[in-house]
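# Structural description and commentary
Spelled out, the chains give:
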Amino acid sequence: MARAGLTAERLTRAAADLADEIGFENVTVSALARGFGVKPAALYAHIKDAQDLRVRVAELALTELADRAAAALAGRAGKDALVAFANVYRDYAKEHPGRYTAAQIELDPQTAATVAAGRHAEMTRAILRGYDLPDPDQTDAVRLLGSTFHGYVSLETTGRFGRHPRDVDASWSRTLDALDVLLRHWPPAAPGPHPGESR
């Protein structure tokens, strides 16, 4: 029997908050139940299992991040759009570390197609269209941006940049400057087949 006041949405948001507090990897059905003062069995009327809870938190995080990015990108193009998008990504990771970690988990194709994951790719490609990048270069650039943003914020949030006196905000700004220059002067593909491509 479902406990009054508990809903899947309420549990998901509580789990997301808990993830920000103690780390996404530490969120369990038992830990969430303790926060509501109920037994874990009371939660299974609203969620299937721990994996279902993890996916729900990932979906929430992806939606929140996509909504922020869409708002930041409105009316922007070129470098302004690139910087706005990148800053949303970085700020969200710093404000919501548990949610950010959840947003990185691999979703099955069916789930990914129905959540905000696709919106992130669409917005990234919209930014790149301002740089006149066709495919497959556009796909390469999407992967480059995602790798750069994720790598930077992951190292920053784990304290890896604290070992050097150089200001991390200054390095971030220069990183975005460098990406803008690269995107405006994207190198031509070398002639001949690439790895994984047939002749």
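Along each chain, residues carry numbers from 1 onward, in the same order as the chain's sequence is written. At least 70 in pLDDT is required for a residue's local features to be given in this predicted model, at least 80 for side-chain atom pairs to be given and counted, and no such filter applies to totals for whole chains, interfaces and linings, which use all residues. Think of the side-chain values as coming from all heavy atoms in the structure, minus any hydrogens and water.

## Some words on the overall build of the chain
Strands here are runs of E lasting at least two residues and helices are runs of H or I lasting at least four, both read from the DSSP assignment and numbered beginning at the N terminus. The helix and strand inventory of the chain stands at nine helices and zero strands. Secondary structure of the chain in N-to-C order comes out as α-α-α-α-α-α-α-α-α. Projected onto the principal axes, the alpha-carbon positions of the chain cover approximately 65 × 45 × 35 Å. Looking at the chain as a whole, 39% of its 199 residues are labelled buried. Of the contacts formed within the chain by residues at least 6 apart in sequence, a portion of 70% connects residues at least 24 apart. Computed with a 1.4 Å probe, the accessible areas rest on the Shrake-Rupley method; for each residue, only the protein chains presented here act as cover. Carbon and sulfur atoms provide 53% of the accessible area of the chain, an area that totals close to 11,400 Å². For the chain, the distance from the average position of its 24 positive side-chain charges to the average position of its 26 negative side-chain charges is 4 Å. To sort residues, take the accessible area from a 1.4 Å probe on protein chains only and compare it with the maximum for the residue type: under 20% means buried, over 50% means exposed, and anything in between is partly exposed. Here a residue-residue contact requires only that any non-hydrogen atoms of the pair lie within 4.5 Å. Counted charges follow a simple rule, with Lys and Arg positive, Asp and Glu negative, and His plus the chain ends left uncounted. A charged residue contributes its charge at one atom only: NZ of Lys, CZ of Arg, CG of Asp or CD of Glu.

## Examining helix α4 (residues 78-95)
Here, expected helix span is obtained from the residue count minus one, scaled by 1.5 Å. Over its 18 residues, α4 runs 26 Å from end to end, which matches the ideal 26 Å to within 8%, given 1.5 Å per residue. The inward-facing, buried residues of α4 abut α3 (50-73), α5 (97-103), α7 (117-129), α8 (137-157) and α9 (168-184).

## Brief notes about the side chain of D52
Assignment of secondary structure puts D52 in helix α3. Identification of polar contacts relies on pairs of N or O atoms within 3.5 Å, with a donor-acceptor requirement for protein atoms, meaning one able to donate a hydrogen and the other able to accept it, and with residues adjacent in sequence counted only if both atoms are side-chain atoms. A distance of 2.9 Å separates a polar atom in the side chain of D52 from the backbone nitrogen of K48.

## Some points on the nonpolar core
Here, the term nonpolar core denotes a set of buried Ala, Val, Leu, Ile, Met, Phe, Trp, Tyr and Cys residues that are joined through side-chain atoms within 4.5 Å. If you look at the biggest cluster of nonpolar residues, it comprises 59 residues, and the most contacted ones within it are L43, L82, F149 and L183. Counting residues per element, the ones that place at least two in this core are α1 (8-22), α2 (29-36), α3, α4, α5, α7, α8 and α9. It is α3 that provides the largest number of residues to this core, a total of 12 residues.

## Observations concerning the packing of aromatic side chains
Aromatic pairing here means that ring centres of Phe, Tyr or Trp (its six-membered ring) are within 6.5 Å. Orientation follows from the plane angle: under 30 degrees is stacked, over 60 is edge-to-face, and everything else is tilted. With the rule as written, the count across this model stands at six aromatic pairs. Ring plane angle 85° and centroid distance 5.6 Å describe the contact between Y89 and Y100, whose orientation is recorded as edge-to-face. Taken together, the residues Y89 in helix α4 and Y100 in helix α5 connect sequence positions 11 residues apart. Here the aromatic rings of Y89 and F149 are separated by 5.7 Å at their centres, their planes lie at 50°, and the arrangement is tilted. Taken together, the residues span a long stretch of sequence, with Y89 in helix α4 and F149 in helix α8 at a distance of 60 residues. Across the pair, F149 and Y89 agree in class, each one buried. Among the aromatic side chains, those forming a connected cluster through ring pairs are F85, Y89, Y100, F149, Y152, F161 and W172.

## Brief notes about unusual backbone geometry
In the segment running from D135 into P136, the intervening peptide bond is cis, with an omega of 5°. Relative to the helices and strands, P136 is located in the loop between α7 and α8. Even without a glycine there, the phi angle at D132 is positive, about 60°. Considering the arrangement of structural elements, one finds D132 in the loop between α7 and α8. Given the relative accessible area of 66%, D132 is considered exposed.

## What to know about the environment of L32
Mapped onto the secondary structure, L32 falls in helix α2. Note on L32: relative accessible area 3%, which makes it buried. Here the alpha-carbon distance between L32 and A19, two residues 13 residues apart in the chain, equals 10.0 Å. Excluding anything up to four places from it in sequence, L32 contacts L11, A14, A15, L18, L43 and L53.

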